[in-house]
Amino acid sequence: METSLLSSSSAVERALQEQYGQQDRYAPREKLRTLVVENFPALGKVTALRFLEWVQAHPDWSVALPTGKTPEHFIKWTAHLLHTWESQATRSLLETYGLDPAKKPDLSRLNFIQIDEFYPIHGWQTNSFYHYVNRYYLEPFGFDPKKAMLINPDKIGLRDGETLEQIWGDDGIDLSLRTRAARTALERRRQQLIAEVDDFCSDYERRIRALGGIGFFLGGIGPDGHIGFNVRGSDPYSTTRLCETNYETQAAAAGDLGGIEVSGKRLVITIGLGTITHHPDTTALVIAAGEAKAPIVQAAVEGEAGNQVPASSLQGLKNACFLITTGAAKCLVERRHLQYAADPTVATEQRRIMIDAALQAQAPLARLTPAQTEEVRSGPLLLATLGEGFEDSRQGVQARLQEKVQRGLVNPKGERIFHTAPHHDDIMLGYLPYLLQFVHDPANSHTFNYLTSGFNAVTNDFMAERIYWAQAALVAAARETWQVGGDEARDLAMRQRQVQRYLDGLAADDEALCQRQVGLRTLTLVQQIFTDGAPLGADTAAVQAQLATLADYFAHTYPGKKDEPRVQQLKGALREWEAEVLWAHLGFGLDKVRHERLGFYKGDIFTEEPEVNRDVKPLLARLLREKPTIVTVAFDPEGSGPDTHYKVMQAVAEALRLYREQTGDNQVRVWGYRNVWYRFHPEETDLIVPVGLGQIAELNCLFMNAFASQREASFPSYEYQGPFSELAAAILVEQYQQVKQLLGAEWLQNHPDPRVRAARGFQYLVDMDLDTFFSKTRVLKQSIG
């Protein structure tokens, strides 16, 4: 096999190769240089060092830097290094990675190039990329604004006094106006403006090429392999242009723009793939973190260059490199093989290889042959390691999977289960079918603990409708049905009645009754949040005025804007209501549903790290009261994707550490679940729970009944265009197909337990002791302070 050991001209890249004992390319399988680091913060550090190393060598060229959440730690580390350049700690770090501490980079000499922008969007909006690069790059890094090429839609083609709203309204942009005749005066103006934007794009491209192209490009990679907004199918020779996006990109952008209803109508202005690769000496880095990115990283790095994976166009650049985390490298075949080859006796990897061989061969484990095993990359080494023990090992893997199914049939007894979730639908999407099997057993106790309020997933249109219902309820309903008055027991009973009457409405198919209860709860929340919960007496004018203010706010605030704290609280409290409705379906009162609202969750583009005093100690206090025997956690052991999941897991882990220290209780079990964002490999699981069609239907029914804010899937997964419950059901079925393939349809159909025979889905969970759980989170323990 060809290698390129320490072949890079970059001292930073060579240091990474030495530090991690890796090559930057394992040819011929890998077609792009790739370097792997352990986690998301480390990725930001090494990317910042590589960037500043490049600036030292090319102080007068041009750079294009990314937007979004992915560059969070790159931005923090670059600013830190620049601001502490003279300190001994920074000088030592620079020397370790081969940078010259005597040459502090002067970024004001560089030309800055904005990569892309939504269109239409105002440059002053805080969710525009124009705003982002001004806030996070130009001033903090010391770029010269006069040497910055920026994309501000307010400055492209509009006449004096004209606005984007006047031209485009809410209709979206019809690019057929490029080629067809305009039918109205408005269409003629739109046609002219499209032409003006096209001219801007052509001139933008010309200016970039006049600089000699892009010297340093840094970007993330989208779910379809896009870099910039060059979505799947983009021409590798494409230039700067106004273009449409695809569903995957719109779903990924929904969080930035306030919902897919908005992102689906937005076009984008983006530099092209040809723009990025124009100069043969361009240094192009792509950063990716987390297991969710692993399949598309593999396609770009190992696949042939082509239009279907836009990032693969970088294969022609000698200075292109992927910088990724171990999670994002999970599907890179040669690297996975080398990890196994370092110790081919590791049982977990042996079992994984056999499972992968059976899935690839579409053969049950009972009939897996050595020849089929040899077809996977690590198969020959596995066979050589096992020798004559192949058959025993194969039977062991099969028996282990069967045992996991058996464990999934045994319901907990006498347990105190402390369920935790980052968001309000995570528990049900992660393991509701399993929970339904024992949730009503009186031998167990349950508390449902929601650790953030989830306000980011609530649209303004959703809120406007709830305010309308609240206004109607204010006119028609008695005050005692919604007004809080300082008596905690009475107020709790009132809120419980609102939930129960909502269920009455569902049972009677009475939509008006359901809307009335949501309106009453909204009134309760408005009084609590905006009038400090003060008793109102006979005068409800303050609430009425506040409702009018809120109606105006939700009607006129642009989607995606960060709300002020009280509006965030109101949005989050309506998501909390949805969780209360969910568990009321199953007979649990408000006393069993806890809303922790951890302080790190503020709606900022870069989520803060959890802190002990603010975030961990309240959770610890809850653990000390409940004394759980089982704690559940959304289990994402690498910071990527919905980063709230990872940070909530950090807070839970630290709370459990402190709980063990204070109580000496080392018997707590941790159940790890994943929902629609991640998958467990069958080898990773400890419990494989059979799920029947009735349970799948119940999952979807409960989701649609309880989570009204999520019914329209305004913030969907890029994998599925529809509600999360339907995607969760599809994952259950996908996992059923895996189990059926591995254990055989006959084994399932002939199983003595009818739950297995009836299964058409399987739920995967991991079951850990505390030390195992801590080993998965220890790497970022220092991030909590």
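Residues numbered from 1 in each chain as written. Predicted model: local features only at pLDDT ≥ 70, side-chain atom pairs only at ≥ 80, totals over all residues. Heavy atoms only, no water.

1. Quick word on the overall build of the protein
Condition: For helices the rule is a DSSP run of H or I covering at least 4 residues; for strands it is a run of E covering at least 2, with both sets numbered from the N terminus onward. Computation of the radius of gyration draws on C-alpha atoms alone. For the globule rule, the value is 2.2 Å times the number of residues to the power 0.38. Partly exposed describes any residue whose relative accessible area lies between the buried limit of under 20% and the exposed limit of over 50%, with all areas from a 1.4 Å probe on protein chains only and scaled to the type maximum. We call two residues in contact whenever any of their non-hydrogen atoms come within 4.5 Å of each other. Throughout, the Shrake-Rupley method with a 1.4 Å probe supplies accessible areas, and for residues the shown protein chains are the sole cover considered.
Scanning the protein for helices and strands turns up 29 helices and 17 strands. Against the compact-globule benchmark of 28 Å for 785 residues, the protein has a radius of gyration of 28 Å, which places it among compact chains. The buried share of the protein, taken over its 785 residues, is 59%. Here the analysis covers contacts within the protein between residues at least 6 apart in sequence; of these, 77% occur between residues at least 24 apart. As displayed, the protein offers around 30,700 Å² of accessible surface, 49% of which is attributable to carbon and sulfur atoms.

2. With respect to the packing of aromatic side chains
Both the distance between ring centres and the angle between the ring planes are used here to describe each pair of aromatic rings. Short version of the rule: Paired rings are identified among Phe, Tyr and Trp, the last through its six-membered ring, by centres lying within 6.5 Å, and are further divided according to the angle between planes into stacked (under 30 degrees), edge-to-face (over 60) and tilted (the rest).
A complete count under the given rule lists 34 aromatic pairs for this structure. Aromatic pair Phe129 and Phe229: ring centres 6.1 Å apart, planes at 20°, arrangement stacked. In this pair, Phe129 sits in helix α5 (residues 129-141) while Phe229 sits in the loop between β6 (216-219) and β7 (241-243), placing the two residues 100 residues apart along the sequence. Classification of Phe129 as buried rests on a relative accessible area of 8%.

3. So, the pattern of salt bridges
Definition in use: Definition used for salt bridges: Asp or Glu carboxyl oxygen within 4 Å of a side-chain nitrogen of Lys or Arg.
Taken as a whole, this structure holds 52 salt bridges when the rule is applied. Ionic pairing is found between Arg33 and Glu13, a salt bridge with its closest N-O pair at 2.4 Å. Placement of the pair is Arg33 in strand β1 (residues 33-37) and Glu13 in helix α1 (residues 11-20), with a sequence separation of 20 residues. Its salt-bridge partner being Arg394, residue Glu391 comes within 2.2 Å of it at the nearest N-O pair. Note that Glu391 and Arg394 are positioned in helix α16 (residues 390-409) at a spacing of 3 residues, about one turn of the helix. On the basis of relative accessibility, which here comes to 35%, the residue Glu391 falls in the partly exposed class. Residues joined by salt bridges that share partners form a network here, namely Glu291, Lys330, Arg336, Glu349, Arg352, Arg674 and Glu684.

4. Here's the deal with helix α25 (residues 693-706)
Definition in use: By definition here, a helix of n residues has an expected span of 1.5 Å times n minus one. The directions considered for the arc run from the helix axis to the C-beta atoms.
Taking 1.5 Å per residue as the helical rise, α25 with its 14 residues ought to reach 20 Å, and the 20 Å between its terminal C-alpha atoms agrees with that figure. Restricting attention to buried positions, one finds in α25 the residues Gln695, Ile696, Leu699, Leu702, Phe703 and Ala706. Across the axial projection of α25, the buried residues extend over an arc of 130°, all falling on one side. Opposite the buried face of α25, by more than 90 degrees, sit the exposed residues Leu693 and Gly694.

5. Quick notes on the sheet that holds strand β17 (residues 759-768)
Cut-off, in case you're wondering: Note on pairing: DSSP must find at least two bridges between two strands before they are called paired. For every element, the axis is a line fit to its C-alpha atoms; helices are fit only across the contacting stretch, and the angle between N-to-C directions ranges from 0 to 180 degrees.
Pairing within the open sheet is mixed, and its 7 strands lie in the order β13-β12-β11-β14-β15-β17-β16. Each edge of the open sheet carries a strand with a single partner, namely β13 (593-595) and β16 (687-692). The mean inter-strand angle of the sheet, taken between neighbouring strand axes irrespective of direction, is 25°. Relative to β13, strand β12 (residues 445-450) is paired through 3 bridges, and the arrangement is parallel.

6. A word on helix α26 (residues 724-743)
Look at α26: 28 Å from first C-alpha to last across 20 residues, which is about the 28 Å you get at 1.5 Å a residue. Of the residues trailing α26, Gly744 is marked for its positive phi of about 95°.

7. Topic: unusual backbone geometry
Cis geometry marks the peptide bond from Ala27 to Pro28; its omega dihedral reads 5°. Topologically, Pro28 is positioned in the loop between α1 and β1. In this model, Tyr119 is joined to Pro120 through a cis peptide bond whose omega is -5°. Of note, Pro120 is situated in the loop between β4 (116-119) and α5. A positive phi is found at Ala713, a non-glycine position, where the angle reads about 50°. Tracing the sequence through the fold places Ala713 in the loop between α25 and α26.

8. Overview of the side chain of Gln56
To keep things clear, this is the line we draw: As used in this structure description, the phrase polar contact means that two N or O atoms lie within 3.5 Å; if the pair is within protein, one of them must be able to donate a hydrogen and the other to accept it, and residues adjacent in sequence are counted only when both atoms belong to side chains.
If you trace the backbone, Gln56 turns up in helix α2 (residues 40-57). Taking relative accessible area as the criterion, Gln56 reaches 13% and is therefore assigned buried. Within the local environment of Gln56, its side chain forms a polar contact with the backbone oxygen of Asp100, the two atoms lying 2.9 Å apart. Setting aside anything within four residues of it in sequence, one finds Gln56 in contact with Trp85, Leu99, Asp100, Lys103 and Pro105.

9. Points about the sheet that holds strand β9 (residues 283-288)
The strand order across the open sheet formed by 7 strands is β1-β10-β9-β6-β2-β3-β5, and the pairing between neighbours is parallel. In this open sheet, the two strands that pair with only one neighbour each are β1 and β5 (148-149). Two elements, strand β3 (residues 111-113) and β5, share 2 bridges in a ladder whose sense is parallel. Note on β5: the bridge partner recorded for Ile113 is Met149.

10. Quick look at the environment of Ala399
Mapping Ala399 onto the fold places it in helix α16. On the basis of relative accessibility, which here comes to 39%, the residue Ala399 falls in the partly exposed class. Sequence spacing of Ala399 and Leu365 is 34 residues, and the spatial spacing of their C-alpha atoms is 9.6 Å.

11. Quick word on the packing of helix α17 (residues 426-435) against α25
Each pair of packed helices can be described by the angle between their axes along with the distance between the axes. Put simply, the rule reads: Crossing handedness: left-handed means the near helix sits turned counterclockwise from the far one by under a right angle, and right-handed means the same turn made clockwise. The residue classification treats Ala, Val, Leu, Ile, Met, Phe, Trp, Tyr, Cys and Pro as nonpolar and Asp, Glu, Lys and Arg as charged. All others, Gly included, are polar.
At their nearest, the axes of α17 and α25 sit 10 Å apart, and the two run at 145° to each other. For the pair α17 and α25, the crossing hand works out as right-handed. Residue-level contacts link Met428, Leu429, Leu432 and Pro433 of α17 to Gln695, Leu699, Leu702 and Phe703 of α25. The residue inventory of the contact of α17 with α25, partitioned by class, reads 7 nonpolar, 1 polar and no charged.

12. Topic: the nonpolar core
Quick reminder of the rule: We call a set of buried Ala, Val, Leu, Ile, Met, Phe, Trp, Tyr and Cys residues a nonpolar core when their side-chain atoms join them within 4.5 Å.
The biggest cluster of nonpolar side chains holds 59 residues, and the ones touching the most others in it are Val652, Leu656, Phe762 and Phe773. Element by element, the count of residues in this core is highest for helix α24 (residues 643-663), at 10 residues. Filtering out sequence-adjacent residues up to four positions away, Leu656 remains in contact with Leu623, Val631, Val668, Val670, Leu770, Phe773 and Phe774. Residues Leu429, Trp671, Leu702 and Ala729 belong to the second largest nonpolar core, which totals 51 residues.

13. Some details on the side chain of Thr524
Within the element layout of this structure, Thr524 appears in helix α20 (residues 511-530). In this structure the side chain of Thr524 is engaged in a polar contact, spanning 3.1 Å, whose partner is the side chain of Gln498. The residues contacting Thr524, other than those within four sequence positions of it, are Trp482, Val484, Met494 and Gln498.

14. Structural notes on the pairing of β9
Our working definition: Every crossover in which the path from the first strand over the helix to the second runs clockwise, viewed with the strands pointing away from the viewer, is termed right-handed.
Most of β9 is tucked away: 6 of the 6 residues are buried. Neither face of β9 is open: one carries Thr283, Leu285 and Ile287, the other Ala284, Val286 and Ala288, and all of them are buried. Relative to β9, β6 is paired through 4 bridges, and the arrangement is parallel. Paired with Phe216 across the two strands is Thr283, which belongs to β9. Chirality of the crossover, the property in question, places the unit of β9, helix α11 (residues 294-302) and strand β10 (residues 320-325) among those that are right-handed.

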